[in-house]
Amino acid sequence: METQKKIFGIGLSKTGTTSLAGALTILGYRTRDYIGVTRYTPRDLSCIPTEELDVHDAFTDTPIPSFYRELDQAYPGSKFILTVRDAKGWLKSCKKQFTVRHAEIQNEATRLLTQEMYGCTSFDEEKFLAGYNRFVAGVKEYFKDRPQDLLILDLCGGEGWAELCGFLGKPVPDVPFPVSNVTEIQWLNVEGVTAVARRAGAKAPAAFIEGLALSGQGAAHAAGRGWLARLARIQVARCASSAAAVIRDGLSKLTPTTPVLFAGDEVVPYEQRKRWSYVWLVSCFPEATGNGRYGPLTLSIALVEGQRPKWGVVFIPSQGLMYYTKGEGGAFRSERGGVPDGLPTHPAGATGVLANRTDIDVGGRPAVQTSSPCAAEGLASALCAVADGRAAGYLCSDEVQQAHAAAGHAILRAVGKTLRACATGEELQYNAATLVHPPFRAG
């Protein structure tokens, strides 16, 4: 029987191995990322369970790099992908992961493998860099006469689908390359994002934050008094501009290479955006609550991974009210800087359904327009009301910019709820060809 050809990702840990595994999965390969080891002897391929090698098409991370020579002999005709990255970024990432504590909790086989690769079991900059250079040089030397069998791929440097699909003879998918565990994202602390929101809220003058609702309502009811409407718009623009400047600066420091898109920004062409694995979507306008009125300034900051909202922060400065999610870490609510309370998963008990208009069908349940005094102001706040169980759902009958919904969507996902298009029932996606959502339901 002819031996099955495989794909082996032989880049060392922290070079984009998880991203490569995700990309290979998208391309249709049965992929196994990080098998790990329970015993380790150099050059002994039996350290990798045979059943793992039999049932999968592609492999990445430990212990695959340590056995690339043996795998090449056992699976002739296979393809090998060496992920690499700049030394500074790689060392920074390794320093954070390969601590003494990390070494202590690993099994003996993993410590032996790390010792074999780097000459130490916990991070030592000089030894790790020497081990990395030695390994990469060894792979290049081994495959020097077989360029068709080895792809050297710098995912952190911007390479992706074009290089990978060209090497494997696959068409390029029309989805972003799944860059995962990028150093600046992997080590990002959500408290850093909430601090940016608080600084932005503090920057906007209190008179604007608290006076916008009055000015907006006055403008709405002052027929023939156009100067008052213009004054309200000036206040809105000034308040939003002050907050936006602080947020843009803060996010650029937290994640220097991650793009930031604000609601109302000039649209970046999709051909460029679809290559982004991460993007910040930000809204910092006072929220329109219907009939030309404005509610309080609301700051919404969302980190989108691929086409899904991963983290979200919603902050209403005038109320000192903050909602945020750490993604898999749950969702939280705090008031006036107090101790955050965790939001329950799948909150139940509420019966009222919020809506952006009262003249629409909400499935037989009572509709509460979001401009009503008894309901939260605006879209982001309405989504947070659904997330913490104060409302059973939300129905938006109009198109909205994705930046206005992204943070609230992330918070909903963290408690087991989501946003779905009214027409199709499918969950809403982000950073797509259009940056506008169709009418949708939340719950």
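No experiment lies behind these values; they were computed from the predicted model shown.

Conventions we followed
Residues numbered from 1 in each chain as written. Predicted model: local features only at pLDDT ≥ 70, side-chain atom pairs only at ≥ 80, totals over all residues. Heavy atoms only, no water. Helix = DSSP H or I, 4+ residues; strand = E, 2+ residues; numbered from the N terminus. Buried < 20%, exposed > 50% of the residue type's maximum accessible area, 1.4 Å probe, protein only. Contact = heavy atoms within 4.5 Å. Areas by Shrake-Rupley, 256 points an atom, 1.4 Å probe, with all protein chains shown as cover. Pairing = 2+ DSSP bridges. Axes fitted to C-alpha atoms, helices over the stretch in contact; angles between N-to-C directions. Parallel < 35°, antiparallel > 145°, perpendicular 65-115°, else oblique. Left-handed = near helix turned anticlockwise from the far one by under 90°. Nonpolar A, V, L, I, M, F, W, Y, C, P; charged D, E, K, R; others polar. Phe/Tyr/Trp six-rings, centres within 6.5 Å; stacked < 30°, edge-to-face > 60°. Lys NZ or Arg CZ within 6 Å of the ring centre and 35° of its normal. Arc of directions from axis to C-beta. Salt bridge = Lys/Arg side-chain N within 4 Å of Asp/Glu carboxyl O. Core = buried A, V, L, I, M, F, W, Y, C linked by side-chain atoms within 4.5 Å. pLDDT = per-residue confidence, 0-100. Expected span 1.5 Å × (residues − 1). Polar contact = N/O pair within 3.5 Å; in protein donor to acceptor, adjacent residues only side chain to side chain.

A. Here's a closer look at the overall build of the protein. Helix and strand content of the protein: 15 helices and 21 strands. Residues counted as buried form 53% of the 443 residues belonging to the protein. Pairs at least 24 residues apart make up 64% of the contacts formed inside the protein by residues separated by at least 6 positions. Carbon and sulfur atoms make up 52% of the accessible area of the protein, which totals about 20000 Å².

B. Spatial organisation of the sheet that holds strand β12 (residues 321-325). One open sheet accounts for seven strands, arranged β6-β7-β10-β11-β12-β13-β14; its pairing is mixed. Sheet topology places β6 (260-262) and β14 (341-342) at the edges, where each strand pairs with a single neighbour. Pairing of strand β10 (residues 299-305) with strand β11 (residues 308-316), which is carried by seven bridges, proceeds in the antiparallel orientation. Note on β11: the bridge partner recorded for Ile-301 is Val-313. Sheet contacts for helix α10 (residues 190-203): β7 (278-283), β10, β11, β12 and β13 (331-335); angle to β11, the most-contacted strand, approximately 35°. Helix-sheet contacts for helix α15 (residues 402-414) involve β7, β10, β11, β12 and β13, and the interaxial angle to β11 is about 105°.

C. Main features of the packing of helix α4 (residues 87-97) against helix α7 (residues 125-142). Between α4 and α7, whose axes approach to 11 Å, the crossing angle comes to 125°. When the interaxial angle is binned, α4 and α7 end up oblique. Read as a crossing pair, α4 and α7 show a hand that is right-handed. Judged by residue contacts, Ala-87, Trp-90, Leu-91 and Cys-94 of α4 engage Glu-125, Phe-128, Leu-129 and Tyr-132 from α7. For the contact of α4 with α7, a count of residues per class yields seven nonpolar, no polar and one charged.

D. Looking closely at the packing of aromatic side chains. Summed over all chains, the structure comprises 18 aromatic pairs. Summarising the aromatic geometry, the rings of Phe-8 and Phe-59 are spaced 5.5 Å apart at their centres and angled 20° between planes, so their arrangement reads as stacked. Taken together, the residues span a long stretch of sequence, with Phe-8 in strand β1 (residues 7-9) and Phe-59 in strand β3 (residues 58-60) at a distance of 51 residues. Summarising the aromatic geometry, the rings of Tyr-142 and Phe-143 are spaced 4.9 Å apart at their centres and angled 80° between planes, so their arrangement reads as edge-to-face. A relative accessible area of 25% means that Tyr-142 is categorised as partly exposed. For Phe-143, a relative accessible area of 2% translates into the label buried. Put simply, the rings of Phe-8, Phe-59, Tyr-68, Tyr-75, Phe-80, Phe-135, Tyr-142 and Phe-143 pair up and form one aromatic cluster. We note Lys-79 situated over the ring of Phe-167; from NZ or CZ to the ring centre the distance is 4.9 Å. In this arrangement the basic side chain of Lys-170 is found over the ring face of Tyr-29, its NZ or CZ atom lying 5.0 Å from the centre.

E. Representation of helix α8 (residues 161-168) within the structure. Within α8 the residues assigned to the buried category are Trp-161, Leu-164, Cys-165, Phe-167 and Leu-168. Each buried residue of α8 sits inside an arc of 160° when the element is viewed along its axis, so together they form one side. Opposite the buried face of α8, at more than 90 degrees from it, the exposed residues are Ala-162 and Gly-166. Its buried side turned inward, α8 meets β1, α1 (17-26), β4 (79-83) and β5 (150-153). Count one or two residues on from α8 and you reach Gly-169, which has phi positive near 70°.

F. Structural detail: the pattern of salt bridges. Evaluation of the coordinates by the stated rule reveals 16 salt bridges. In this structure, the salt-bridge partner of Lys-253 is Asp-249, at a minimum N-O distance of 3.3 Å. Taken together, the residues span about one helical turn, with Lys-253 and Asp-249 both in helix α12 (residues 226-254) at a distance of four residues. We classify Lys-253 as exposed; its relative accessible area is 62%. We note a salt bridge from Asp-388 to Arg-333, for which the minimum N-O separation is 3.6 Å. One end of the pair, Asp-388, is in the loop between α14 (378-387) and β17 (393-396); the other, Arg-333, is in strand β13, with 55 residues separating them in the sequence. Ionic contacts of the salt-bridge type, sharing partners, join the residues Arg-333, Glu-335, Asp-388 and Arg-390 into one network.

G. Expanded view of the nonpolar core. Leu-281, Leu-383, Tyr-394, Ile-411, Leu-419 and Phe-440 are the most contacted members of the largest nonpolar core, which has 42 residues in total. Among the elements that make up this core, the one with the highest residue count is α14 (eight residues). Discounting residues that sit within four places of it in the chain, Leu-281 has contacts with Leu-261, Ser-300, Ile-301, Ala-302, Val-304, Gln-402, Ala-403, Ala-406 and Tyr-430.

H. Region of the structure containing the environment of Thr-99. Turning to its location among the elements, Thr-99 is positioned in the loop between α4 and α5 (100-105). Its relative accessible area of 31% is what places Thr-99 among the partly exposed residues. Each C-alpha atom of the pair Thr-99 and Thr-121 lies 8.7 Å from the other, and the pair is 22 residues apart in sequence.

I. Layout of the confidence of the model for the protein. Looking at the protein as a whole, the pLDDT averages 84, with 83% of positions reaching at least 70. Note on residues 206-225: pLDDT under 50 across the span, and 36 contacts to partners over four residues away in sequence or across chains.

J. Region of the structure containing α10. An ideal rise of 1.5 Å per residue puts 20 Å on 14 residues; α10 measures up with 20 Å between its terminal C-alpha atoms. For α10, the complete set of buried residues consists of Val-190, Val-193, Thr-194, Val-196, Ala-197, Ala-200 and Gly-201. Down the axis of α10, the smallest arc covering the buried residues is 150°, so these residues share one side. In α10, the exposed positions angled more than 90 degrees off the buried face are occupied by Ala-202 and Lys-203. The distance from a side-chain oxygen at the start of α10 to the backbone nitrogen of Glu-191 is 2.9 Å, and the residue carrying that oxygen is Asn-189.

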